[in-house]
Amino acid sequence: MKLDQALVDAAVELMERRWPAGEPGGAAAVRLADGGILTSVGLDNMNGAVALCQETGAFIQAYTQDRTVTASVCVCRDVERDRILILPPCGVCQERLALWGPSVEVAVPQEGNPTRWTARTLSEVNPYYWGLQFTEGQWPSQAQHSE
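Residues numbered from 1 in each chain as written. Predicted model: local features only at pLDDT ≥ 70, side-chain atom pairs only at ≥ 80, totals over all residues. Heavy atoms only, no water.

With that settled, the discussion passes to the overall build of the chain. For the chain, the count of helices and strands is five helices and six strands. In sequence order, the chain lays out its α and β elements as α-β-β-α-β-β-α-β-β-α-α. Of the contacts formed within the chain by residues at least 6 apart in sequence, a portion of 57% connects residues at least 24 apart. Approximately 8,300 Å² of the chain is accessible, and the part contributed by carbon and sulfur atoms is 51%. Distance between charge centroids for the chain: 4 Å, based on 11 positive and 18 negative side chains. (Helix = DSSP H or I, 4+ residues; strand = E, 2+ residues; numbered from the N terminus. Contact = heavy atoms within 4.5 Å. Areas by Shrake-Rupley, 256 points an atom, 1.4 Å probe, with all protein chains shown as cover. Lys, Arg positive; Asp, Glu negative; His and termini not counted. Charge placed at Lys NZ, Arg CZ, Asp CG, Glu CD.)

Let us now look at unusual backbone geometry. At Asp66, a residue that is not glycine, the phi angle is positive and equals roughly 55 degrees. In this fold, Asp66 is placed in the loop between α2 (56-64) and β3 (69-78). Residue Glu136 is not a glycine yet carries a positive backbone phi of 55 degrees. One can find Glu136 in the loop between α4 (122-125) and α5 (142-145).

Just distances and angles here, no functional claims.
Have a look at this one:
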């Protein structure tokens with residue numbers, strides 16, 4: 001299953017349910033190999049050092065349920081400009097997604113318009129993935145990730 005507008009809409013719908021219009025907020029959605037969608041939000045916390053990315057909860061749900069993530073999107077409300085931004089996965093979330101391999105699709109903002117998205121594979125977003133140095137140049141398997 002590929003990244004599509006329905007996945008983006010699922011993230012936006014969760015953000016809008018969790019945080020009223022006019023408040024900052026964000027959410028994420030992941031597509032599973034079986035077509036399912038999991039959504040999550042980050043934690044509001046006084047200590048920013050313990051905050052989690054919006055996607056973390058959905059990644060953990062998928063892993064806990066032994067399901068395969070095929071696509072991921074993260075959205076964020078830009079209150080000052082009254083728009084919803086597409087956020088590419090940070091380096092930590094790229095590392096989390098690496099568990100499911102280089103073909104996982106992620107939403108990245110279109111050049112010149114961060115409210116529109118385009119799909120890129122994880123290997124396109126992270127062509128120099130560090131894990132390749134330990135696995136003879138092949139993307140590490142799920143078993144190798146847990147060694």
